[in-house]
Amino acid sequence: MKKKIAALVLAALSAAGILVGSPASAATDSKFPPYGCDSTRYGILFGEGISLTCFSLPRHSENYRVVAHCASGSSYWYTVGHWVPLGFGPSTTECHGGLLSSAYVAGYHVDEF
């Protein structure tokens, strides 16, 4: 009897974890980077990061940075990368999660300066 109760509790926790993660994954932006840019997502411990390199942008600007839209469970926040001159090195930012829930990049946008 104890094994059946333990199995039911674990099944309920698993179902709750799947339901909590579903709405946040529907909030992702386009899978393609802006015109003139190249993006790469990479995994880190308890999170995910994004690296963006731009060679041209729609408006005339000299610097840019990537802004990641981070999500973990029902939490949602932004993290910003460093300003980078157009055509040079990537602007990177990372979404860090906790021990029990890892964070991921739900979307991103580019700030121009």
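Since we're looking at a predicted model, the values are computed, not measured.

Focus on the confidence of the model for the chain
Consideration 1: Scored by pLDDT, the chain has a mean of 80; 73% of the residues are at 70 or more.
Consideration 2: Confidence, read as mean pLDDT per element, is least for helix α1 (residues 2–25) in the chain (50) and greatest for strand β6 (residues 91–96) (96).
Consideration 3: Within the model, pLDDT remains below 50 along residues 16–28, and this stretch shows 8 contacts once partners closer than five positions in the same chain are excluded.

Quick look at the pairing of strand β2 (residues 47–54)
Consideration 1: Burial runs high along β2: 8 of the 8 residues are buried.
Consideration 2: Side chains Gly-47, Gly-49, Ser-51 and Thr-53 project from β2 onto one buried face, and the interleaved Glu-48, Ile-50, Leu-52 and Cys-54 project onto a second face that is buried too.
Consideration 3: Both strand β1 (residues 37–44) and β2 contribute to a ladder of 8 bridges, which runs antiparallel. Across the sheet, Asp-38 pairs through a bridge with Thr-53, a residue of β2.
Consideration 4: Here β1 folds back onto β2, and the loop between the two strands holds 2 residues, one of which, Phe-46, carries a positive phi near 60 degrees.
Consideration 5: Direction of pairing for β2 relative to β6: antiparallel, over a ladder of 6 bridges.

Rules used throughout
Residues numbered from 1 in each chain as written. Predicted model: local features only at pLDDT ≥ 70, side-chain atom pairs only at ≥ 80, totals over all residues. Heavy atoms only, no water. pLDDT = per-residue confidence, 0-100. Helix = DSSP H or I, 4+ residues; strand = E, 2+ residues; numbered from the N terminus. Contact = heavy atoms within 4.5 Å. Buried < 20%, exposed > 50% of the residue type's maximum accessible area, 1.4 Å probe, protein only. Pairing = 2+ DSSP bridges.

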